[in-house]
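Report on the structure
These are the residues of each chain, in order.
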Amino acid sequence: AAVLLLSACLSPHRAAGGAAPTVTLALDSKCILGESPVWDAKMRRLHFVDINGKLLHSFDPKSSKCSTVDMGEEVGCVVPYKKQRVLVAGVSQVWQVDFKGKKDGETTDGTLLPGHFAIVPESEMEAMDNPGEDPSLQALPGFRFNDGKCDPQGRFLVGTMNKDWRDPAARKGRLFRMVEPLPLRNEDDLDGIVHQYGPNPVLKPIISEVTLSNGMAWGRSKGRDAALPYDLFYFIDSAKQTVDVFGYDDESGDIDLGSRKTVVEVPTLEEGGGVPDGMTIDSEGMLWVALGESGSVARYDPGTGEELMRVKLPVKRPTACTFGGDDLCDLYVTTREEKGEAASEHWGG
């Protein structure tokens, strides 16, 4: 598998009326299931995961060097965190990987820190994976975390999925938000969140009945001043073949579940579309969606639902996309494994 780089450059202004984007190979990483690309502006690296390969990759475009960390279990996504650390969602827990070197500003190949960083609370794990049974913190076989992102305030959202998601009778997943404990200042605080949840963050459910949690992005309502907080949350449940939008409170991180509506209907593969997977948003508020199995990414106007651009790729199975580079001008696309004689040359990045 390879990570593909789309440039033309792909700033929204040029994408709207400039030269057609060019597609080049950024990294031939040979992922089984490349996913969750995210640009880390502090380290100037592109992080992404190989879900089935159980690997975290961190790519430096300037040097073309890519470091790899063996996570020891399937990993759904990665997001930048504090200092030179990232958070990686595994099967049912969130882990930290530290890239800090011995000198200030120096980065290393990454070290998986011992002990989980955040976990679904026992009561929620029971509700999610073992209703009416032993509320074990071990995830039900077949369940794992999938895609995740940080909102504009840095809150981590991550979804769960059932590997049998195509079965209509299969148990559904949820979308969770990571809640960090309040700092413990004195003994009086023992009645607060630290005492209730322990010293580590926990993951609290915010959307239920999710079949295949995937793309996420935050934007502003049409005509809303760019100086004002984001008030929209875009979300893809791939099984629905849609992009939905919710009202979003940027200050609290609360989602207005009652406001949910579909803004983009993606045609099926047979109808000339694909499976909507990973998603990102550009500075004009347009959505870029990786269309699984279609060999393309598409740019949509969430205000009208119109497809504005379709970019063909030299692979059949793109999974996710994100803007990166110092000016956020390039679009990186992860892909997954292809088999057989018709397999693309650079699948899986």
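Numbers given for residues are sequential positions, taken from 1 along each chain in its written order. Local features in this predicted model are restricted to residues of pLDDT 70 or higher, and side-chain atom pairs are both shown and tallied only at a pLDDT of 80 or more, whereas totals for entire chains, interfaces and linings draw on every residue. As a rule here, side-chain values come from all non-hydrogen atoms in the structure, and water together with hydrogens is ignored.

Here we take up the overall build of the chain. Numbering of helices and strands runs from the N terminus; a helix is a DSSP stretch of H or I covering at least four residues, while a strand is a stretch of E covering at least two. The helix and strand tally for the chain stands at 3 helices and 25 strands. Using a 1.4 Å probe, accessible areas were evaluated by the Shrake-Rupley method; residue-level cover was limited to the displayed protein chains. When the accessible surface of the chain is split by element, carbon and sulfur atoms take 48% of a total near 15900 Å².

Right, let's talk about the state of the cysteines for a bit. A pair of cysteine sulfur atoms is labelled a disulfide when the two atoms are within 2.5 Å. For the structure shown, the criterion picks out 0 disulfides. Lacking any disulfide linkage, Cys 66 is separated from the closest cysteine sulfur, that of Cys 31, by 8.0 Å. For every residue, the accessible area obtained with a 1.4 Å probe (protein chains only) is divided by the maximum for its type, and the residue is called buried under 20%, exposed over 50%, and partly exposed between those limits. Assessed through its relative accessible area of 27%, Cys 66 is described here as partly exposed. Free cysteine Cys 150: the closest other cysteine sulfur is in Cys 77, separated by 8.9 Å.

On to the pairing of strand S23 (residues 307-312). Whether two strands pair depends on DSSP finding at least two bridges between them. Strand direction decides the pairing type here: strand S22 (residues 296-300) and S23, joined by 5 bridges, are antiparallel. Its bridge partner lying in S23, Tyr 300 is registered against Glu 307. Linking two consecutive strands that pair antiparallel, namely S22 and S23, is a turn of 6 residues; a positive phi of about 80° is found at Gly 305 within it.

Let's shift gears to the pairing of strand S18 (residues 242-248). The element S18 is extensively covered by neighbouring structure, given that 6 of its 7 residues are classed as buried. Where strand S17 (residues 232-237) and S18 come together, 4 bridges link them in antiparallel fashion. Bridge pairing in S18 places Leu 232 opposite Gly 247. As consecutive antiparallel partners, S17 and S18 are separated by 4 residues, and within that stretch Gln 241 has a phi angle of approximately 60°, a positive value. Counting the residues that bridge the hairpin from S18 to strand S19 (residues 255-265) gives 6 residues, and of these Gly 253 lies at a positive phi of roughly 85°.

The strand order across the open sheet built from 4 strands is S3-S4-S5-S6, with neighbouring strands paired in antiparallel fashion. At either margin of the open sheet sits one strand with a lone partner, and together these are strand S3 (34-40) and strand S6 (65-70). Neighbour-to-neighbour, the strand axes of the sheet open up by a mean angle of 20°, direction not taken into account. Looking at chain direction, strand S4 (residues 45-50) and strand S5 (residues 55-60) are connected through 5 bridges and run antiparallel. Its bridge partner lying in S5, His 47 is registered against Ser 58. To obtain each axis, a line is fitted to C-alpha atoms, and for helices this fit is confined to the stretch in contact; angles are then taken between N-to-C directions over 0 to 180 degrees.

So, about the environment of Gly 303. Along the chain, the position of Gly 303 falls in the loop between S22 and S23. The exposure class assigned to Gly 303 is exposed, which follows from its relative accessible area of 67%.

Pairing of aromatic rings covers Phe, Tyr and the six-membered ring of Trp, with a centre-to-centre limit of 6.5 Å; geometry is then stacked below 30 degrees between planes, edge-to-face above 60, and tilted otherwise. This model, assessed by the stated rule, comprises 9 aromatic pairs. When the centroid spacing of 6.0 Å and the interplanar angle of 25° are considered together, the rings of Phe 233 and Phe 235 count as stacked. Comparing Phe 233 with Phe 235, the two get one shared label, buried. Their ring planes at 90° and their centres at 6.0 Å tell us that Trp 288 and Phe 323 sit as a pair that is edge-to-face. Of this pair, Trp 288 sits in strand S21 (residues 287-292) while Phe 323 sits in strand S24 (residues 318-324); the two residues are 35 residues apart in sequence, bridging distant segments of the chain. Just as Trp 288 is buried, Phe 323 falls in that class too.

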